[in-house]
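# Results of the structural survey
As a plain string of letters, each chain reads:
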Amino acid sequence: MSTTLTGAPTARTAPRRMTRGLTWLVLRQHRVTLLCLLALTVLGSLWILYQRAQLTDLLHAAGWPGKTPPQPVVGQGYSRLTTLLGLLPGILAVFFGAPLIAADQEQGTAQLVTTQSVTRRRWLVAKLGWCLLAVLVASVTLSVIFTWWWRPHRSVLGDSWYDASVFDTTGPVLPALALFLTAAGVTIGVLLRRVLASMVATFVFCVAAKVAWSVLRDHLAASRTLTYPLNGAPPARLDGAYELDSWIGSADGHLYGWGSCAKATEKAADACISEKGIVNNVVQYFGYDQMSAIQWTGAGILLAATAAMVAFVLWRGSRRPL
């Protein structure tokens, strides 16, 4: 007589996830957006590295810095890159920030989730936390790599350090702008509760914010004033400086606009200069050594505004139904 031995049935166990609970839900819900953001960051970083390698080879072949390289040293790829980096905060705001909560409100997902064991505040914290963290990582990565490329080669790239193509895409400004506009998009979405309307309103806000930011930059630091002889060469300290305004002035300090003595003939212009006693050029400027301080001051303002908008969203979400 023979007997057959069979083992006790074992229960199937699901594979363990790296994340669970609300974090898993948020990441799964936005997995397509996060993967697109990851791809954008990786491809953008590789593009910057490729452009830098090309520039380094060109400068090495030209004998730079001992010799002046042929101009221009960069082509359309550089301008396209700086344009895309400048547009990145607005793209994240419109396509990531605006629909983040508005889509759940419009589709009823927010009401469904918050009727479970998860509180509205906890759900909002998870959504905002992962959204802003993803934006921060992507923007910091691109900003660091682009700054690493631009800083040692700024003298041959052509753009002034104060131009938006450089100032807004290097250092802490790109991450701060990205967080600020994304938080603005989330806030607009919470208030309007409709995806398309929120995206349109966020786009308009981004355009207005860019204009306001370009005006605000001039007031983030105290400008410097330099006076030198009318027919003299500009001092070395103006190398790399960004000129805010300039005048011609008399010995007693009275300033005149550059067109004050623009006459039809050189003799008439000289007579005007002599009559007004004009002997100096006067320049108001920001020095390159002020760049870091101006950027961090502006970034601090943007991050404070970001924190205020996040606090508003959490406050409103915890007191009013979504």
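Every chain's residues receive numbers from 1 upward, in the order its sequence appears when written. Under the rules for a predicted model, residues below a pLDDT of 70 receive no local features and side-chain atom pairs below 80 are neither given nor counted, while totals for whole chains, interfaces and linings still include all residues. Excluding hydrogens and water, the side-chain values take into account all heavy atoms of the structure.

Secondary structure assignment for the protein yields 11 helices and 4 strands. Computed over C-alpha atoms, the radius of gyration of the protein comes to 28 Å, more than 25% over the 20 Å expected from 2.2 N^0.38 for 322 residues, which places it beyond the range of a compact globule. Dimensions along the principal axes, computed over C-alpha positions, put the protein at roughly 125 × 55 × 30 Å. Shrake-Rupley sampling with a 1.4 Å probe provides the accessible areas, and residues are treated as covered by the protein chains on show and by no other component. Summed over all atoms, the accessible surface of the protein reaches about 18100 Å², with 62% contributed by carbon and sulfur. When charges are tallied, Lys and Arg are placed among the positive residues and Asp and Glu among the negative ones, while His and the ends of the chain are skipped. To locate a charge, take atom NZ for lysine, CZ for arginine, CG for aspartate or CD for glutamate. Looking at charge distribution, the protein has the averaged site of its 27 positive side-chain charges lying 25 Å from that of its 15 negative ones. Going along the chain from the N terminus, every DSSP run of H or I of four or more residues is numbered as a helix, and every run of E of two or more is numbered as a strand. Each radius of gyration reported is based on C-alpha atoms, and the globular scaling rule is 2.2 Å times the count of residues to the power 0.38.

Here Trp64 and Pro65 are connected by a cis peptide whose omega angle stands at 10 degrees. Positive phi outside glycine occurs at Arg193, with the angle close to 65 degrees. Relative to the elements of secondary structure, Arg193 occurs in the loop between α8 (173-192) and α9 (195-216).

As a further point, take the packing of helix α3 (residues 76-107) against helix α5 (residues 120-150). As a rule, the C-alpha atoms of each element are fitted with a line to give its axis, helices using only the stretch in contact, and angles between N-to-C directions run from 0 to 180 degrees. Where α3 contacts α5, the two axes come as close as 11 Å, and the packing angle between them is 180 degrees. In this view, α3 runs roughly antiparallel relative to α5, as classed from their interaxial angle. Across the interface between the two elements, Tyr78, Leu81, Thr82, Leu85, Leu88, Leu92, Phe96, Leu100, Ile101 and Asp104 of α3 pack against Trp123, Leu124, Lys127, Leu128, Cys131, Ala134, Val135, Leu142, Phe146, Trp149 and Trp150 of α5. Per-class residue counts for the contact of α3 with α5 are 18 nonpolar, 1 polar and 2 charged. Put simply, angles under 35 degrees are roughly parallel, angles over 145 are roughly antiparallel, angles from 65 to 115 are roughly perpendicular, and the rest are oblique. Contacts between residues were defined by any pair of non-hydrogen atoms, one from each residue, lying within 4.5 Å. Each residue is assigned to one of three groups, with Ala, Val, Leu, Ile, Met, Phe, Trp, Tyr, Cys and Pro labelled nonpolar, Asp, Glu, Lys and Arg labelled charged, and all others, Gly among them, labelled polar.

A few words on the confidence of the model for the protein. Per-residue confidence from the predictor is given as pLDDT, running between 0 and 100. The pLDDT averaged across the protein works out to 86; a share of 90% of its residues lies at or above 70. Scored below 50 in pLDDT, residues 1-7 shows 0 contacts in the model against residues more than four places distant or in partner chains.

Attention now goes to the sheet that holds strand β3 (residues 255-256). A sheet is described by the order of its strands in space; here 4 strands give the open sequence β1-β4-β2-β3, paired in antiparallel fashion. Two strands in the sheet have a free side with no partner beyond their single neighbour: β1 (224-229) and β3. Paired strands, in this sense, are two strands between which DSSP finds at least two bridges. Across 8 bridges, the pairing between strand β2 (residues 242-250) and strand β4 (residues 278-286) is antiparallel. Pairing of Ser246 across the sheet is with Val283, part of β4.

On to the packing of aromatic side chains. Between rings of Phe, Tyr and Trp, where Trp is taken as its six-membered ring, a pair exists when centres lie within 6.5 Å; planes separated by under 30 degrees are stacked, by over 60 edge-to-face, and by other angles tilted. Following the criterion strictly, the structure yields 12 aromatic pairs and no others. With centroids separated by 5.3 Å and ring planes inclined at 80 degrees, the aromatic side chains of Trp161 and Tyr162 adopt a geometry described as edge-to-face. Across this residue pair, the class does not change: Trp161 and Tyr162 are buried. Joined through ring pairs, the aromatic side chains of Trp150, Trp161, Tyr162, Phe167, Trp213, Tyr242, Phe286 and Tyr288 make up one cluster. The ring of Trp148 carries the charged tip of Arg52 above its face, separated from the ring centre by 3.8 Å. Working rule: Lys NZ or Arg CZ, within 6 Å of ring centre, within 35 degrees of ring normal, means a charge sits over the ring. Positioned over the ring face of Phe167 is Arg217, at 5.1 Å from the centre of the ring. Here's how the labels work: a residue is buried when its accessible area is under 20% of the maximum for its type, exposed when over 50%, partly exposed in between, all with a 1.4 Å probe on protein chains only.

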